[in-house]
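# Examining the three-dimensional arrangement
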Amino acid sequence: MDTSNESAFERVQRARHPQRPYALDIFEHVFTDFKELHGDRRFADDPAIVAGFARIDGTEVAVIGQQKGRDTNQRRHRNFGMPKPEGYRKALRIMKLAEKFSRPIITFVDTPGAYPGIDAEERGQAEAIAYNLREMAHLRVPTIIVVLGEGGSGGALAIGIGDRVLMFENAVYSVISPEGCAAILFKDATRAEKAANSLKLTASDLQALSIIDEIVPETQEWEFSEDSAEEFSANKVTAGLKAVLLRHLRELGKITKEDLLEKRFEKFRAMGKWAGA
Amino acid sequence: MSWFRRDKPKIEGQKDGEDQTVRTEGIFVKCSECDTALYKRELRESNQVCIHCGHHFRLGARERLELLFDEGAYEPLDEEVTSDDPLDFVDSKPYKQRIKEAQEKSGLPEAIISGKGLVGGHKVYAGAMDMSFIGGSMGSAVGEKITRLIERAMKTDGAVIIFSASGGARMQEGTLSLMQMAKISVALARLHDAGLPFISVLTDPTTGGVTASFAMLGDVIIGEPKALIGFAGPRVIEQTIRQKLPKGFQRSEFLLEHGMLDMVVDRREMKDTIVRLLDFMMKKDD
Ligand SMILES: [Zn+2]
């Protein structure tokens, strides 16, 4: 469906909607034979990040994503999709496994942000994110990033360095939530709608800014009902995803490891717009 | 001009009377930690550290680089790289105007100043961030300047040193600011692969996207005493968990205790410490 005239804030609401597919839904509907792996081997297993091995059209890949919950218990269990350091460290552990066994990596970004709490700070939330950014830069296997729903700042980026960055039509990716931006810059949290627009966080905005490579179209009709969680249908939203992923996997598979790393570096090197030579 | 002596006894606080405050303005500054009135000149000579209680005042980017480089001499780099307004962003004022005002007020072209020179005889490419420029925030220009610094170091086998002071990514450049975390970290991956040193010094305050990218990627990470360092700001955490934060939380000493810093170093010892580290990390070119 054509949603190009929707306001940025409507897309924020869609990106956050519980009817949207979450990482585990994608693992189940787009991939086969998902086998979940747990823990960072250092402190704990973080349910806000799910990771493991899966197949797509028979090809072995590592899949990783932030995971939200649909009901109250699940939401709490998944910490609203806000990972702690151990979640990011688990994600990197699985990525290194993929590298060791020469399997591509596909990550799914869907988080309001990294968890801002005492325990997360004590265990080095900033370090966990930073380390992933640097290590993902030189993983010697094809890496595809899919912004699935909410791309919440550094907490999203921590699984967001790769050879391709794809984004669902109704996903958003931002340096700060529109509410946070409104509270700080407009001194009024209710002006989130205006902030959403100013932040240029939609897929088409980010494609124009050369931050993402491709928009994954959605076929879902966005008519929400009260009990929308029951009516959830991953197929409608993700029907186009499989073919897109297979195409990129095929393309990336043809590139030598050296070229892959060089191109990944150049991709992020080019990001930003400034004045002066 | 040396009318004062370093070993001058403790100066009494100028607590009573507006008159006194006015008269002493320009000569004294009050330590926000121990309330002692300090001679500005005395403070300058102690690198903006209170000689009574050791409180570290915030230091400007240019002063920071002068303290680092041998004889205070360095060649400024990439000063022409400044902020643009890629999103036509307007909040309480247009971002363009905010940049211009920041430049006028701070006397700096951007939130980071970078330069090259010698530190203990070692070839060093250093950057220093400055809180007085839009809260030391990182936008595209800051990201570009740091990336160039890293690339220059790689070309000539130099070391990279960055003094962070930042509230995080610059909101007015949206996701472009976020991507500077990626851009710099990817460049640091290459520096790391090249076996070249990166020393990260965290000063008060270093939070958000700066901490969650290059600031925590140093081969050696140093904090200045009592500097606020964290991913989330204390207010955001308090709002999330709905309780008061423990005393000393997110200060350098707390991070040291939790294994996140290599050391907490007094600013007056900073240069000697860095030279010692470089001696270990840099190859001797004879
Ligand atoms: Zn003092």
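### Digging into the overall build of chain A
In terms of helices and strands, chain A carries 13 helices and 9 strands. Out of the 277 residues in chain A, the part that is buried amounts to 53%. Pairs at least 24 residues apart make up 73% of the contacts formed inside chain A by residues separated by at least 6 positions.

### Things to note about the nonpolar core
Ranked by internal contacts, the top residues of the largest apolar core, which has 152 residues, are I64(A), M95(A), L133(A), M167(A), V160(B) and I161(B). Considering each element in turn, this core owes the most residues, 11 residues, to helix α6 (residues 174–193) of chain B. Sequence-distant contacts of M167(A), that is, excluding residues within four places in its chain, are made with V147(A), Y173(A), A203(A), L206(A), I212(A), I215(A) and V216(A). C31(B), L38(B), C50(B) and I51(B) belong to the second largest nonpolar core, which has 5 residues in total.

### Remarks on the interface of chain A and chain B
Across the contact, 45 residues belong to chain A and 51 residues belong to chain B. At the level of elements, α5 (118–122), α6 (125–137), α7 (153–157), β7 (172–174), α8 (178–185), α9 (192–199), α13 (257–269) and β9 (274–275) of chain A are the ones that each hand at least two residues to the side of chain A that touches chain B. If one sorts the elements of the side of chain A that touches chain B by residue count, α6(A) sits on top with 8 residues. The residue inventory of the side of chain A that touches chain B, partitioned by class, reads 28 nonpolar, 10 polar and 7 charged. Bridge count for β9(A) against strand β4 (residues 82–83) of chain B is 2 bridges, and the pairing is antiparallel. Its bridge partner lying in β4(B), W274(A) is registered against S83(B).

### A short note on the environment of D78(B)
Residues and elements named next belong to chain B. Its location among the elements puts D78 in the loop between β3 (75–77) and β4. Through-space distance from the C-alpha of D78 to that of R148 is 8.1 Å; in sequence the pair is 70 residues apart. With sequence-adjacent residues up to four places away left out, D78 is seen in contact with S114, K145 and R148.

### A short note on the packing of helix α4 (residues 85–100) of chain A against α6(A)
Residue and element names in this part refer to chain A. Where α4 meets α6, the closest approach of the two axes is 8 Å, and the angle between their N-to-C directions is 20°. Judged by the angle between their axes, α4 and α6 are roughly parallel. α4 and α6 meet at a crossing whose hand is left-handed. Contacts between α4 and α6 pair P85, Y88, R89, A91, L92 and M95 from the former with Q125, A128, I129, N132, E135 and M136 from the latter. Of the residues that constitute the contact of α4 with α6, the class distribution is 8 nonpolar, 2 polar and 2 charged.

### Thoughts on the environment of Q13(A)
Mapped onto the fold, Q13(A) is located in helix α1 (residues 8–16). For the pair Q13(A) and H38(A), spaced 25 residues apart in sequence, the C-alpha separation works out to 31 Å.

### Some remarks on the pairing of strand β3 (residues 59–66) of chain A
Residues and elements named next belong to chain A. Counting buried positions along β3 yields 6 of 8 residues, so the element is predominantly enclosed. Across 8 bridges, strand β2 (residues 49–56) lies against β3 in antiparallel orientation. The residue of β3 that forms the bridge with V50 is G65. Between β2 and β3, which pair antiparallel and follow one another directly, the connecting turn spans 2 residues, one of which, D57, has a positive phi of 55°. Two strands pair when backbone bridges link them, and β3 and strand β4 (residues 105–111) are joined in this way by 4 bridges, in the parallel orientation. Note on β4: the bridge partner recorded for V63 is I106.

### As for the confidence of the model for chain B
Per-residue confidence for chain B averages 91 on the pLDDT scale, and 90% of its residues sit at or above 70. This model gives residues 1–23 of chain B a pLDDT under 50, and the stretch forms 16 contacts once residues within four places in sequence are excluded.

### Regarding the pairing of strand β6 (residues 164–168) of chain A
Along any regular strand, the residues point their side chains to alternate faces of the sheet. Residues and elements named next belong to chain A. Burial of β6 is extensive: 5 of the 5 residues sit out of reach of the surface. Taking every second residue as pointing to the same face, both faces of β6 are buried, with R164, L166 and F168 on one and V165 and M167 on the other. Judged from the 4 bridges that link them, strand β5 (residues 143–152) and β6 form a sheet pairing that is parallel. Its bridge partner lying in β6, I145 is registered against V165. The sheet contact formed by β6 and strand β8 (residues 214–216) spans 3 bridges and is parallel. Bridged to M167 within β8 is I215.

### Description of the sheet that holds β3(B)
Residue and element names in this part refer to chain B. Taken together, 7 strands build an open sheet; the order of strands is β3-β5-β6-β7-β8-β9-β10 and the sheet is mixed. Whereas interior strands pair on both sides, the edge strands pair on one side only; in this sheet they are β3 and β10 (263–264). Summarising the sheet, strand β6 (residues 122–129) and strand β7 (residues 159–166) pair through 5 bridges and their orientation is parallel. Along β7, the bridge assignment pairs A128 with F163. This element, helix α5 (residues 140–156), spans β3, β5 (112–119), β6 and β7 of the sheet and lies at about 175° to β6.

### Structural notes on the domain arrangement of chain B
All names here are of chain B. Looking at the assigned domains, one finds that chain B contains domain 1 (1–57) and domain 2 (58–281). One C-alpha centre belongs to domain 1, the other to domain 2; they are set 28 Å apart. Here the residues of the side of domain 1 that touches domain 2 sort into 2 nonpolar, 5 polar and no charged.

### Remarks on the packing of α6(A) against α6(B)
It is the contact of α6(A) with α6(B), at a shortest axis distance of 8 Å, that shows an interaxial angle of 60°. On the basis of the axis angle, α6(A) is oblique to α6(B). Considering how the two elements wind past one another, α6(A) and α6(B) form a crossing that is right-handed. Residues A130(A), L133(A), R134(A) and A137(A) of α6(A) lie in contact with α6(B), whose contacting residues are M181(B), A182(B), S185(B), V186(B), L188(B), A189(B) and H192(B). Classifying every residue of the contact of α6(A) with α6(B) gives 8 nonpolar, 2 polar and 1 charged.

Calculation rules
Residues numbered from 1 in each chain as written. Chains lettered and ligands numbered in written order. Predicted model: local features only at pLDDT ≥ 70, side-chain atom pairs only at ≥ 80, totals over all residues. Helix = DSSP H or I, 4+ residues; strand = E, 2+ residues; numbered from the N terminus. Buried ≥ 20, exposed ≤ 12 C-beta atoms within 10 Å, placed from the backbone. Contact = placed C-beta atoms within 7 Å. Core = buried A, V, L, I, M, F, W, Y, C linked by C-beta atoms within 7 Å. Nonpolar A, V, L, I, M, F, W, Y, C, P; charged D, E, K, R; others polar. Pairing = 2+ DSSP bridges. Axes fitted to C-alpha atoms, helices over the stretch in contact; angles between N-to-C directions. Parallel < 35°, antiparallel > 145°, perpendicular 65-115°, else oblique. Left-handed = near helix turned anticlockwise from the far one by under 90°. pLDDT = per-residue confidence, 0-100. Domains from an automatic or database assignment.

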